[in-house]
Amino acid sequence: LVWSLPASQAAHLQGCPQEEFLRAQQERFGYRLGRIGQVGERHSYPLSLVQSSQQVRQGIVVRGNAAHALHPVAGQGYNLALRDVAQLGAVLSAAVAQGDSPGDLVHLQEDQGRQQLDQERTIQLSDRLPSLFMHSDPVLGLARDLALSGLDLLPPLKREFVRYAAGVAEMGEQANG
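Residues numbered from 1 in each chain as written. Predicted model: local features only at pLDDT ≥ 70, side-chain atom pairs only at ≥ 80, totals over all residues. Heavy atoms only, no water.

> When you look at the overall build of the protein in this model, what are you seeing that I'm missing?
Helices and strands together make up the secondary structure of the protein, namely seven helices and four strands. Listing every helix and strand of the protein by position from the N terminus yields α-α-β-β-β-β-α-α-α-α-α. Its C-alpha radius of gyration of 21 Å places the protein more than 25% over the 16 Å reference for a compact globule of 177 residues. On the principal axes, the C-alpha backbone points of the protein span a range of 65 × 40 × 25 Å. (Helix = DSSP H or I, 4+ residues; strand = E, 2+ residues; numbered from the N terminus. Rg over C-alpha atoms; globule rule 2.2 N^0.38 Å.)

This is how it looks when you write it as structure tokens:
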């Protein structure tokens, strides 16, 4: 279970008795899966966005969590790392096919340029999306819940949302564009 909370609330729940934690958890998640009877060891990890200021140098490429540590929402960091590596592989393969060194800065900068928009969009999504679940504003909560329910009611829209979130739609658009 990953439960994103404001720092003060997370600190309180990290140190409170198990019975209080179970009550808070049950209240927040409801009874869709039944009554929560116990929890294992609790851990708290402060979440913050971390980005490398430089991802390429001559013969060096930084990708994945070394380049950008993201909020663990919906596996976005993992998906982005896979797309980054796939794009890098394509650029390096093309460089070798041209008889160039794959570590030439011009090819590494080309790779970085191709991935920059994908990285920016994914970072913004993963940085902003969790805040929708941390607000206690009932109007925002209702809008969020209706949007999520709408995705369940409209499978084609849900498929497109998942494709976009996984970066598949974006990759297809780039290849065709």
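Once the structure has been displayed, the description carries forward.
> So what exactly am I meant to see when it comes to the side chain of Q112 here?
Looking at where Q112 falls in the secondary structure, it is placed in helix 4 (residues 105-134). Given a relative accessible area of 15%, Q112 falls into the buried group. At 3.3 Å, the side chain of Q112 and the side chain of R63 are in polar contact. Every residue in contact with Q112, bar those within four places of it in the chain, is listed here: Q55, V56, R63 and Q119. (Buried < 20%, exposed > 50% of the residue type's maximum accessible area, 1.4 Å probe, protein only. Polar contact = N/O pair within 3.5 Å; in protein donor to acceptor, adjacent residues only side chain to side chain. Contact = heavy atoms within 4.5 Å.)

> Would you mind going over the nonpolar core with me for this structure?
Within soluble globular proteins, side chains that are nonpolar generally end up buried alongside one another. W3, L5, L13, C16, F21, L22 and V39 form the largest nonpolar core, which has seven residues in total. Each residue touching V39, except ones within four places of it in the same chain, is listed here: Q18, F21, L22 and Q25. (Core = buried A, V, L, I, M, F, W, Y, C linked by side-chain atoms within 4.5 Å.)

> Just checking my understanding: could you explain a nonpolar patch on the surface for this structure?
Nonpolar side chains collect at one region of the surface, where L153, L154 and L157 lie side by side and expose about 320 Å² of accessible area between them. Position of L153 relative to the elements: it lies in helix 5 (residues 138-153). Look at L153 and you get exposed, because its relative accessible area is 68%. (Patch = residues over 30% accessible without salt bridge, like charges linked within 9 Å, V, L, I, M, F, W, Y side chains within 5 Å. Areas by Shrake-Rupley, 256 points an atom, 1.4 Å probe, with all protein chains shown as cover. Salt bridge = Lys/Arg side-chain N within 4 Å of Asp/Glu carboxyl O.)

> Which parts of the structure should I look at to understand the confidence of the model for the protein?
It should be kept in mind that the predicted coordinates are not to be read in detail where pLDDT is low. Looking at the protein as a whole, the pLDDT averages 84, with 91% of positions reaching at least 70. Note on residues 171-177: pLDDT is under 50 here. Beyond four places in sequence and across chains, it has two contacts. (pLDDT = per-residue confidence, 0-100.)

> Sorry, what's going on with the pattern of salt bridges here?
Two side chains carrying opposite charge are able to pair once their charged atoms lie near each other. Scanning the entire structure with this criterion turns up four salt bridges. For R83, the salt bridge goes to D118, with nearest N and O atoms at 2.7 Å. Taken together, the residues R83 in helix 3 (residues 76-97) and D118 in helix 4 connect sequence positions 35 residues apart. The exposure classification of R83 matches that of D118, with both residues buried. Note that R114 and E110 form a salt bridge whose closest N and O atoms lie 2.8 Å from each other. Here R114 pairs with E110, and both are found in helix 4, just four residues apart, close to one helical turn.

> Is there a simple way to think about helix 2 (residues 18-29) in this case?
Given 3.6 residues to a turn, an α-helix orients residues that are three or four positions apart in the same direction. Over its twelve residues, helix 2 extends 16 Å from the first C-alpha to the last, a length consistent with the 16 Å expected when each residue adds 1.5 Å. Listed in full, the buried residues belonging to helix 2 are F21, L22, Q25 and Q26. All buried residues of helix 2 lie within an arc of 130 degrees about the axis, which places them on one face of the element. Of the residues in helix 2, the exposed ones pointing more than 90 degrees away from the buried face are E19, R23 and E27. Here the buried face of helix 2 lies against helix 1 (7-15). (Expected span 1.5 Å × (residues − 1). Arc of directions from axis to C-beta.)

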